[in-house]
Structures are given as structure tokens and as C-alpha cells.
Amino acid sequence: MDLLRVKIWRGGESGGFATYDVPRQGDQTVLDVVTYIQRQLEPSLAYRFACRVGMCGSCAMTVNGVARWTCRTHVAKVEIDGGLEIAPLRNLPVIKDLVADMREFFGKWKKARGHFVATATRRDEFARISPETPQRKAADAAIECIGCGVCYASCDTVSWNPEYLGPAALNRAWTLFNDVRDGARAERLQDVAGDAGCQGCHTHLSCGERCPKRLQPTAAIAGLKRATALAAMRGKL
Amino acid sequence: MSARREALLWLAQRASAMLLAACVLLHLATMVYAVRSGLSAAAILGRTGGNLAWAAAYATFVLAVAVHAPLGLRSVCTEWFGWRGRAWDAAFLGFGLLLALAGWRAVWGVFQ
Ligand code: SF4
Ligand code: SF4
Ligand code: FES
């Protein structure tokens, strides 16, 4: 039987890799491999997943050094000489094994005012937003984020500056900045300006390179840089 | 307030970068011209002396450097060494002023 040699991170911040042999199968995903190990070889292995179809964003891990969504990553695409090394996401504290603590990541979405601030009630008419307006197009281009944290784990600026809000939170702020129905767009700009915000980004492009949804947080952040600079010049920041 | 300051500093760095790009090209062209025409130091000084357009261009060059370099250094130092805060900002400002003064002094020396 064809075997995969799989190294998996065990433990918390300090720990080490344990090695398991997993039978290869056609169209096997990395998540299939981890699930096999947990069900057949190592019941105490901790990891996260939910949808298995690339929607929930919970299954991201570091696979052979690169952050990926594991449910949609085929083993054949990433194995090196029949080997896989699977670790928790970078730039986040490790809870146990493959489970990273996402609180910091989502806490930063909050700091970037990553929630919609309604200006109408359910009794009002529906807002009519033409999909052709530049603002809606900008929001649409960035809206499909599943919150997987792959970009955050791939961003060196996050490693260097722990305060940096990171690509996903800023990308989210950009979609809301372009949502004309939102009632806190000026306040949000205030939240995302500065060294810990959009001005901290070095345009490395790792986020867009790695984002499984093929979003370009870098472009969103560049938009925020322009918007905050403009607001600052007008004295509105 | 600090958000505003950071946004404006970012803008200053971008604007000075654009200015620098133009100045560097101008500087390269000037150097290539001087070398190709085999101008001696005295001949160069003869042309720059009293030349207001030359002095203005190089004074702008110095200004762009004095704005751009300290801001870049500041980013590097905050990220690599965690040097942030008012005292460090004052130090970077001082570095910028030093660059500006030294540069303008040199321009003045060649212009005279
Ligand atoms: S482009 Fe910006 S957000 Fe994206 S990886 Fe680079 S520094 Fe991080
Ligand atoms: S921007 Fe992409 S990589 Fe980042 S959290 Fe969203 S989907 Fe994941
Ligand atoms: S399990 Fe939901 S995205 Fe992978």
C-alpha cells in the first residue's frame, strides 16, 4: 500500500512533531489525512473543521510551511516526496496540536469596526444599490472572505508588529467603507488609520498570494491608505 | 489625532518618494553628462555657481531625502526593535533636520 509520511504538530506553544503513516488515496485532501489520523491512529489529536467545502474558514493549517485551507487542498498538490508536515497557523498562539487561538484575529476585526452599522430599520424600504457603482464594485471584490486566517498567518508585518490589524480585518473594513448604507464610515477610517492599521502594510502581497478565496487584501488596504490620507488632508480624521 | 498624524506622515513619505524618483533621474542624467563631456571639477563648479535652477533642483532633492529617509528608518526601527514613542519620534525628526542642514549646506557650497 502506498503510504504518506505525515508529521503533525503535537502539544501547545512548546511541543514537537509526531510522525504517522497514512494510506494514500486518490483525491485525498489534507483534511482527510488529519481526520484519518484522528479517527484511526491518534484519538487525542485536536484540530478544527466544520463545512469541509471551503465555506466556514475553520480548517486552516500550515502545510509544508505554507498556510492553507486544508479541506480544499489536495495532498497531491502539496506533498513533497510523499511527505506532509502539518502545523497550526503561524502568528497565533497555539491552544493544542493543530488548533490555533483565533481570538486575537477576530478581536482585530472588532478593532477595525468590522461590523455593519445599520442606519435603517426593518420598517424602512430596502436600499437600492446599483451593482455598477464604483463603491459597490470595490466592496464586491473584497466581500467573499471566509475568515480563515490564512492571510493573517502569512503576513510578516503581523509577525513584526503584534498590534497590526492584519489583512483580513482591514479587508473587511474596506468592504464596509464602501457600503453606502453603513453609518460609521468616518469612525471606521479613524480605527484603521495609523501604524497598527493600513499604514503599517508593506505591500508584500503574501496575503493575496495565499488567500484561498483569491481576494487581494493588499488592494483593499491600498484603498484604505488613500481614503485615510485624503481624510487626513481634509482634516476629517 | 495620532491616526491623522500617521496618515499624513504616510502621505509625506509617498510624496517624497515620487519626488525622489524624479530627482534621482535628474541627478543620474547630470552625472552621465558631466562624465561624458569630461568636465573637470572646476568646470562643473563654474556651471553650478550662481545657477539658481540647479540650486533649486538640488535643494528639493535634499528636502525629499530629509523627509523620506527618517520616515523609512522610523518604520524599520519600530518593527525590528520596537523603538516607538515621542522620544524616538524626536530623534527621527532630529535626524531629518540633520540631513536637511547638511544637504543644503553642500548645495550652498557648490552654488556659491
Ligand atoms: S500586503 Fe500588507 S497585509 Fe498583505 S501580507 Fe503584505 S504587509 Fe501583510
Ligand atoms: S482574506 Fe482570504 S485568506 Fe484572509 S481570512 Fe479572508 S478568505 Fe482567508
Ligand atoms: S472545513 Fe470549512 S473551510 Fe475547510
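Before reading on, note that the structure itself is shown above.
Computed from a prediction, not measured in an experiment: that's the story for all the values here.

Calculation rules
Each chain carries its own residue numbering, running from 1 in the written order of its sequence. Think of it this way: whatever chain is written first is A, whatever ligand is written first is 1, and the rest follow in order. Where local features are concerned, this predicted model is filtered to residues with pLDDT of at least 70; where side-chain atom pairs are given and counted, the filter is 80 or more; whole-chain, interface and lining totals use all residues. Heavy atoms throughout the structure, all of them, feed into the side-chain values; hydrogens and water do not. Whether a residue is near a molecule or strand depends on its heavy atoms: it is near if one of them lies within 4 Å of it. Cavities and pockets were defined on a 1 Å grid built from protein atoms only: a cavity is a group of points that admits a 1.4 Å probe but offers it no way out, a pocket is an open group of points flanked by protein on both sides within 12 Å along at least five of seven lines, and a lining residue is one with an atom within 4 Å of any such point. Should more than half of a molecule's atoms lie within 2 Å of a pocket's or cavity's grid points, that molecule is taken to sit in it. Each residue is assigned to one class: nonpolar for Ala, Val, Leu, Ile, Met, Phe, Trp, Tyr, Cys and Pro, charged for Asp, Glu, Lys and Arg, and polar for all the others, Gly among them. Secondary structure elements follow DSSP: runs of H or I of four or more residues count as helices, runs of E of two or more count as strands, with numbering from the N terminus. By this rule, a helix spans an expected 1.5 Å times one less than how many residues it contains. Type-normalised accessible area, obtained with a 1.4 Å probe on protein chains alone, sets the label of each residue: buried when under 20%, exposed when over 50%, and partly exposed for intermediate values. By definition, residues are in contact when any of their heavy atoms lie within 4.5 Å. To obtain each axis, a line is fitted to C-alpha atoms, and for helices this fit is confined to the stretch in contact; angles are then taken between N-to-C directions over 0 to 180 degrees. Roughly parallel here means an angle under 35 degrees, roughly antiparallel means over 145, roughly perpendicular means 65 to 115, and every remaining angle is called oblique. If you view the pair so one helix is near and one far, a crossing is left-handed when the near helix is turned anticlockwise from the far one by less than a right angle, and right-handed when it is turned clockwise.

Chemist: Quick question: what am I supposed to make of the site of ligand 2 here?
Modeler: Residue and element names in this part refer to chain A. Around ligand 2, the surrounding shell consists of Cys145, Ile146, Gly147, Cys148, Gly149, Val150, Cys151, Ala168, Cys211, Pro212 and Lys213. Given that more than half its atoms are within 2 Å of the pocket grid, ligand 2 belongs to the largest cavity. Each residue belonging to the shell around ligand 2 can be placed in one class, and the counts come to 8 nonpolar, 2 polar and 1 charged.

Chemist: Sorry, what's going on with the site of ligand 1 here?
Modeler: Residues and elements named next belong to chain A. Neighbouring ligand 1 are 13 residues, the closest being Cys155, Thr157, Cys201, His204 and Cys207. Taken together, the elements giving at least two residues each to the shell around ligand 1 come down to helix H9 (206-210) and helix H10 (217-233). Of the residues belonging to the shell around ligand 1, the class tally is 7 nonpolar, 6 polar and no charged.

Chemist: What's the story with helix H4 (residues 86-111) of chain B in this structure? I'm lost.
Modeler: Every α-helical turn comprises 3.6 residues, leaving residues that sit three or four positions apart pointing alike. Residue and element names in this part refer to chain B. Its 26 residues give H4 an end-to-end C-alpha distance of 37 Å, which sits within 8% of 38 Å, the value for a rise of 1.5 Å per residue. Looking only at H4, the buried set comprises Phe92, Gly96, Ala100, Gly103, Val107 and Phe111. In the core, the buried residues of H4 are packed alongside helix H2 (41-48) and helix H3 (52-81).

Chemist: How should I be thinking about the packing of H3 of chain B against H4 of chain B in this particular structure?
Modeler: Describing two packed helices takes the angle between their axes plus the distance from one axis to the other. Residues and elements named next belong to chain B. Orientation of H3 relative to H4, taken along the N-to-C sense of each, is 160°, at an axis distance of 9 Å. It follows from the interaxial angle that H3 and H4 lie roughly antiparallel. Here H3 runs over H4; the crossing is right-handed. Among the residues making up the contact of H3 with H4, the classes are represented as 21 nonpolar, 2 polar and 2 charged.

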